[in-house]
Amino acid sequence: MFKLNKMSAATLAYLAVVAVPALAQQQLERVEVTGSRILSPNAESPAPIQVLTAADIQASGATNLQDLLQKNPTFGTPTISRTNSNFSTSSAGVSTINLRNLGVDRTLVLVNGRRYVSGVPGSMAVDLNTIPTDFIERVEVMTGGASSTYGSDAVAGVVNIILKRNFEGVNLDASWGQSWKSDDTLKKFSATFGTNAAGGKGNVMAHFAVSKQGAVYSRDRDASAVDQFSVGAGVTGEASDIFAIQRPFYSSFAPQGRFFFTNAAGTATNRTFDANGNLIPFSTNGPAGDGVGATGYNRSSVRTIAIPTTRVLMATKGDYQLNESHSVFFEGTYANTKTFTHLEPFPLDSDVQVTPGNGLVHIPAETLVNGVKIANPLIPAALLALMTDRTNKDGTGGDGLRDYNFTRRMSDVADRTSSANRDTFRVVGGVKGDLAKSWSYETYVGYGFTREGQTSTGQVNVNNLYNALQVIPDAFGVPMCVDANARKQGCVPANIFGANTLSAAASKYISAPGSLNTSVTQKMAGASVSGEAFNLPAGPIGIAAGYEWRQEGSSTEFDALTQSGLNGGNALANTAGRYTVRELFVETKIPLLVNLPLVKSLDGTVAYRHGDYSSVGGTNSWNLGLDWAVNSTFRTRATLAQSTRAPNVADLYQGASQTFPTGLQDPCQNVLSTDTSALGIACKSYPGVVANMAANNGKFTLGQADVQGVSGFDSGNPNLKAEKGRSLTVGFVITPKSIALLKNFSFTADYYDIKIASAINLPGRQYTLDQCFKQNNPLFCSFITRRTGVQGAYSAGSLEYINQGPVNSGGQKAKGIDLTAAYAERVGPGTLSSRLSYTYLLDAWNQPTDDDASRDTSLNEVGNSRNRWMLNLGYSSGPWSIDTTTTFIGTSYLDDQFMNQLCNTDDAGKCQPARKEQGKVSSKTYFDLQGSYKWGKAQFYVGVNNLFNTKAPPIISGLPANVTGAETDAGTYDAIGRRYYVGARYSF
């Protein structure tokens, strides 16, 4: 006889009806049901629950829990993972989860039924890197709102991770693996210890694990080895061309530099250098566009698909019985995670990042010294001879001194890399016990933090570079910086004319190493009681009530150059903030009917929680549930809940941080100067667009650099309100135990409908563009800046900034059906087991404004397929076992907002709307296999993930959902390919 921890009874309940019918015979004391705080001898839940066990984790070979959960169809694309965060300025390599694709901040992750400290600054997202997989007993996934039970963030549902309990002995596990390309290497070792103490009154467990996952580089996969771009998105604007690939589509920022000037004939032109230092015309992709004779740069030669990650984990857990009625417990976790990101060297444009006023003044090629023109001796004579004096954009110049501007890939400074060292610590302790025969209590306190220190390379100190570019010879003919004060501060002349021409001293002088320090803290305390108030004819009324207090804080601090944007890259502001919340909750379970015709039992639940936030004030959540067991074979269940999510620190307080979005379509592209439509008028209201049309025969024309050079700032919104989610789940369970052939069969079907009012979301930059230029909405136009004239490689009128911040939007929704089926039976000398989980998505959308016309569907778009399923099959006989997992991701389509920007040009030259099927992304099926053999106390196993090496669909650069460097959506699909692993376990 034993008691279960919070929510752990749900696992037994679920397994009893789905996976392991033998557990139905186990006698349980009063236990807590998933989504409820009430102790009850009935472990049935009105909410749908899916469970992954320790056996599932072992059979998957997963090093990180995210890898396993992502196969379950209830989960959407994670915001952060190893394969989609190489370009992240912080939290690269963090592992998050995203129930129903409603966002990581709407998925509440618990450990043993209690909150866990976030791994992402400003967010409530938990980093699953910090939770040791081999220390997990099971994972319970509950769909639907649960804020009345667990507080804010449980809008899409709850993922509760139950750690092992009352373990005695030692378990060792070691494995090694790699991909079919001999990368993505895996090395893992873990040890779990447990012992009872004081004659069985206490139990203490400890766990240690270390794992190392290697990098996967873009250059080592054919699909991503060369820079490429969608022809439809970047060249023609035709829907029929969106999956046509322009390859190469190199960057125009090259290591040898590209130098812009006006020649003696008054013509604006440019030149670059070949490998021998000779001046040649610049041709990004080669004269024929096939890479032959190309002078552009292949960024994919450096980019990373999967970030190398090293983890060291330590965990402990224990309890001690003070007497028959009271006991103390504790949990402790420490995790250290190291990640390394690697991307191409910094692309520098002197007009944008170096000279004062963003290109108002050009780089001088000559300096007037005592009335004499002195040329920069580092400029090759052939290039200097082509230059003339130009009038600067601020109206100055015309002084007879030659000048130039340039773009250059700063490869002789360093590649852009970041090394992150992340520590997570959490401790929880408390007292629990019985107050009377049917009344129990629990109190606890907890503290946790995540701290990250990050160093980076590859950025450029633009102030130092500006000084280093103004050069004259000294008395001995040796180049020196013009500015005397700069010389006193160590200025070293910079030779940027050609590839790898910077001296080591100059590189050191202009280099801008970066730093980032983040901190997330969580403090919490709570107390609750649970018991039976009085009896009704159908049984006792259960009740639970309690109080919880929590404080969440977060800070992000960048180095001074990064904050000011003087390292050539994104200007990133510091963020700091915190809030506290005090909450009261109450819940009751009412037995309505029992042992009547067609009613074996009928129970109702009612729950309510009130929260008082220091940031947004009061919030209210509630839950109504009904559980009706018709007989031992058929049971129905339903819940209606209101959940809340208070804005997190980043939502409220994030400083303006620069980003460079991709996959955008400028609505003004290809608009004619004669266009008198609303779109044409809106576009021509920008002087830069008019200037562009005048220079391109009356057509607004964008170049490759314009497509790649859009920026913007993300910032917080202190005026946000809490969002409210309304969820409905209705389903039934079939367990035909009275039929001999089907006694080990179970089936569940559940309908879910989750709708969020005033959802805290970013409107989206494409939506902002469309609202401004297609809907003539001045509010959205205020977030857009276009270049007023030519700036270096960028065209007049091209998009420079599109800013955004979170708003209480018109809402968000996810609706669908979950089906699960399980069957186990002896076949031949062994046992065959099977389990199917299937999700059919009925509807999904978000609505940026209160206007229903703004509703943007995501149903069946990439990452949100209508059909997804996972099938587990296993067969065991004696010491042998084999397990397979088949994961299916259904057909999907590119984002409809993106498709709306494209044309099908008819024979008359008119733009006809793109068709949905033109953005079709094919379905994918992945097959994993593991075999194992037990020999005494040891078990040996070997496995293959993605056995048939299924390729990810080509969601190439320029298309929405593309992950830079992977040429697909690497958060949804497998961009690595087949992977092998072998391992051994030993227990004693």
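Residues numbered from 1 in each chain as written. Predicted model: local features only at pLDDT ≥ 70, side-chain atom pairs only at ≥ 80, totals over all residues. Heavy atoms only, no water.

Labelled according to an unreviewed UniProt entry, the chain appears under the name TonB-dependent receptor, originating from Pelomonas cellulosilytica. Its UniProt record gives the chain a comment under Sequence similarities (unreviewed entry), which states: "Belongs to the TonB-dependent receptor family." In UniProt, the chain has this text filed under Subcellular location (unreviewed entry): "Cell outer membrane". (UniProt positions renumbered as here; feature names shortened; annotations may be inferred.)

A.B. asks: An account of the nonpolar core is requested, with residue identities and associated values reported.
C.D. replies: Nonpolar side chains in soluble globular proteins tend to end up buried together. Grouped together as the largest cluster of nonpolar side chains are 38 residues, with contacts concentrated most on L69, V139, V159 and I161. Of all elements in the fold, only helix 3 (65-69), strand 4 (107-111), strand 6 (136-143), strand 7 (157-163), strand 38 (745-757) and strand 44 (830-847) reach the threshold of two or more residues within this core. Among the nonpolar cores identified, the runner-up in size contains 33 residues, and V354, V460, C481 and L502 belong to it. (Core = buried A, V, L, I, M, F, W, Y, C linked by side-chain atoms within 4.5 Å. Buried < 20%, exposed > 50% of the residue type's maximum accessible area, 1.4 Å probe, protein only. Helix = DSSP H or I, 4+ residues; strand = E, 2+ residues; numbered from the N terminus.)

A.B. asks: Which residues make up the pairing of strand 9 (residues 186-197), and what values do they have?
C.D. replies: As paired elements, strand 8 (residues 169-179) and strand 9 share nine bridges and run antiparallel to each other. Note that in strand 9 the partner of N171 across the bridge is T192. Where strand 8 hands over to strand 9, the hairpin turn is made up of six residues, of which S182 adopts a positive phi near 65°. Bridging between strand 9 and strand 10 (residues 202-213) involves 12 bridges; their strand directions are antiparallel. Across the sheet, the residue bridging to A197 is G202, located in strand 10. In sequence, strand 9 turns back onto strand 10 through a hairpin of four residues, with A198 there showing a positive phi of about 55°. (Pairing = 2+ DSSP bridges.)

A.B. asks: Please give an account of a nonpolar patch on the surface that cites residues and values.
C.D. replies: Together, V606, L624, L640, L728 and V730 line one region of the surface with nonpolar side chains, adding up to about 340 Å² of accessible area. Along the chain, L640 falls in strand 34 (residues 634-645). You can call L640 partly exposed: its relative accessible area is 30%. (Patch = residues over 30% accessible without salt bridge, like charges linked within 9 Å, V, L, I, M, F, W, Y side chains within 5 Å. Areas by Shrake-Rupley, 256 points an atom, 1.4 Å probe, with all protein chains shown as cover. Salt bridge = Lys/Arg side-chain N within 4 Å of Asp/Glu carboxyl O.)

A.B. asks: How would you sum up the pairing of strand 26 (residues 439-457)? Please name residues and give values.
C.D. replies: Of the pairings in the sheet, the one linking strand 25 (residues 416-436) to strand 26 comprises 19 bridges and is antiparallel in character. Residue pairing across strands places S418 opposite S456, the latter belonging to strand 26.

A.B. asks: Before we move on, could you go through the state of the cysteines and cite the residues and values that matter?
C.D. replies: Summed over all chains, the structure comprises four disulfides. Put simply, C772 and C781 are joined by a disulfide, and their sulfur atoms are 2.0 Å apart. Taking the sign of the S-S torsion, about 100° here, the bridge from C772 to C781 comes out right-handed. C781 shares its class with C772; the two are buried. C903 shares a disulfide with C911; S-S distance 1.8 Å. (Disulfide = S-S within 2.5 Å.)

A.B. asks: Let's hear about the side chain of Q847: which residues, and what values?
C.D. replies: Along the chain, Q847 falls in strand 44. Setting aside anything within four residues of it in sequence, one finds Q847 in contact with S809, G810, G811, D852, S854 and R855. (Contact = heavy atoms within 4.5 Å.)

A.B. asks: Run through the pattern of salt bridges, naming residues and quoting values.
C.D. replies: For the structure on display, the rule yields 33 salt bridges. The shortest N-O distance in the salt bridge between R426 and E331 comes to 3.2 Å. With R426 in strand 25 and E331 in strand 19 (residues 326-343), the pair connects residues that are 95 residues apart, well separated along the chain. A single burial state applies to R426 and to E331, both of which are buried.

A.B. asks: Just give me the short version of the packing of aromatic side chains, but keep the residues and values in it.
C.D. replies: Applying the stated criterion across every chain, the model contains 21 aromatic pairs. Judged by centre distance (5.8 Å) and plane angle (75°), the ring pair of F259 and F273 falls under edge-to-face. Residue F259 is located in strand 14 (residues 258-262), and its partner F273 is located in strand 15 (residues 268-273); the two are separated by 14 residues in the primary sequence. For the pair formed by F259 and F273, the shared burial category is buried. For the pair F259 and F406, a centre-to-centre distance of 6.1 Å together with 35° between the ring planes defines the contact as tilted. A residue pair is termed long-range when its members are at least 10 positions apart, and F259 in strand 14 and F406 in strand 24 (residues 403-409) qualify at 147 residues. Given the relative accessible area of 0%, F259 is considered buried. By relative accessible area, F406 is classed as buried at 0%. (Phe/Tyr/Trp six-rings, centres within 6.5 Å; stacked < 30°, edge-to-face > 60°.)

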